[in-house]
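Report on the structure
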Amino acid sequence: MTDCIFCRIAAGAIPATLLAQSEHAVAFRDLNPQAPSHALVIPREHIASATETDSDAGELALGRTMRLAVQVAKQLGLIEGGYRLVCNSGPDAGQSVFHLHVHVLGGRRMSWPPG
Ligand code: 5GP
Ligand code: ZN
């Protein structure tokens with residue numbers, strides 16, 4: 001089994017609070033939430049970051065992941081108040097887990113620009 005923590009969550013090998021899943025993507029609650037609602041949405045296949053999605057296969061994986069992220073925002077009741085989708089990529093953005101993931105954040109007013 002891979003030592004990628006998000007691959008292990010997608011495989012059900014380590015626990016997470018699952019919110020939704022599709023054939024191609026999985027959504028679960030972030031362990032360290034930064035907003036009243038904070039989910040992570042990942043492709044089932046291992047892709048290190050958004051940078052690796054500049055291909056036809058990557059486009060499909062990213063689109064499917066974003067689609068589940070929007071479904072999760074709906075499921076969490078975030079549409080009316082609004083929500084933020086964030087995909088940290090690389091060191092300056094603070095990416096800490098190198099399996100592509102989209103943060104779904106909502107339930108509070110957020111500032112711009114981000115920190
Ligand atoms: P990044 O900083 O890479 O954009 O986001 C990684 C996110 O993964 C962080 O918000 C962190 O709290 C979350 N995270 C790290 N390890 C785990 C874990 O084992 N389970 C869950 N549910 N979230 C995790
Ligand atoms: Zn992985």
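For the structure, see preceding data.
For the structure given in this document, a descriptive report is provided here. (Residues numbered from 1 in each chain as written. Chains lettered and ligands numbered in written order. Predicted model: local features only at pLDDT ≥ 70, side-chain atom pairs only at ≥ 80, totals over all residues. Heavy atoms only, no water.)

Here the focus is the packing of aromatic side chains. A complete count under the given rule lists one aromatic pair for this structure. Note on phenylalanine 6 and phenylalanine 28: the rings are 5.4 Å apart at their centroids and 75 degrees apart in plane angle, and the pair reads as edge-to-face. Within this pair, whereas phenylalanine 6 is found in helix α1 (residues 5-10), its partner phenylalanine 28 is found in strand β2 (residues 25-29), the two being separated by 22 residues in sequence. Each member of the pair, phenylalanine 6 as well as phenylalanine 28, is classed as buried. (Phe/Tyr/Trp six-rings, centres within 6.5 Å; stacked < 30°, edge-to-face > 60°. Helix = DSSP H or I, 4+ residues; strand = E, 2+ residues; numbered from the N terminus. Buried < 20%, exposed > 50% of the residue type's maximum accessible area, 1.4 Å probe, protein only.)

Next up on the list: the coordination of the zinc ion (ligand 2). Listed as protein donors to the zinc ion (ligand 2) are Cys4 (SG), Cys7 (SG), His46 (ND1) and His99 (ND1); their distances from the metal cover 2.0 to 2.3 Å. One can describe the site at the zinc ion (ligand 2) as tetrahedral: its four donor atoms subtend angles covering 105 to 118 degrees at the metal. Sequence spacing of the donors to the zinc ion (ligand 2): C-x2-C-x38-H-x52-H. Placement of the pair is cysteine 7 in helix α1 and histidine 46 in the loop between β3 (37-43) and α2 (56-75), with a sequence separation of 39 residues. Cysteine 7 sits in the buried class, given a relative accessible area of 14%. Residue histidine 46 is classed as partly exposed on the basis of its relative accessible area of 42%. (Donors = N, O, S within 2.8 Å, 3.2 Å for Na, K, Ca; no water. Tetrahedral: all angles 85-135°; square planar, octahedral: opposite > 155°, others 65-115°.)

Before going further, it helps to examine the environment of glutamine 75. With respect to the helices and strands, glutamine 75 occurs in helix α2. Taking relative accessible area as the criterion, glutamine 75 reaches 48% and is therefore assigned partly exposed. The spatial distance from the C-alpha of glutamine 75 to the C-alpha of valine 97 is 25 Å, given a sequence separation of 22 residues. With residues near it in sequence (within four places) discarded, glutamine 75 still touches Leu19 and Ala20. (Contact = heavy atoms within 4.5 Å.)

So, about the site of ligand 1. With respect to spatial proximity, 16 residues lie near ligand 1, and among them Arg29, Asp30, Asn88, Ser96 and His103 are the closest. The contact in question runs from an oxygen atom of ligand 1 to an N or O atom on the backbone of glycine 94, over 3.1 Å. In this structure, histidine 101 approaches ligand 1 through a side-chain N or O atom, which is 2.9 Å from an oxygen atom. A total of 520 Å² of accessible area belongs to ligand 1 in isolation, and the protein chains cover 83% of it. Those elements that provide at least two residues to the shell around ligand 1 are α1 and β2. In terms of residue count, α1 provides more of the shell around ligand 1 than any other element does, three residues in total. For the shell around ligand 1, the per-class residue count stands at seven nonpolar, seven polar and two charged. (Near = heavy atom within 4 Å. Polar contact = N/O pair within 3.5 Å; in protein donor to acceptor, adjacent residues only side chain to side chain. Areas by Shrake-Rupley, 256 points an atom, 1.4 Å probe, with all protein chains shown as cover. Nonpolar A, V, L, I, M, F, W, Y, C, P; charged D, E, K, R; others polar.)

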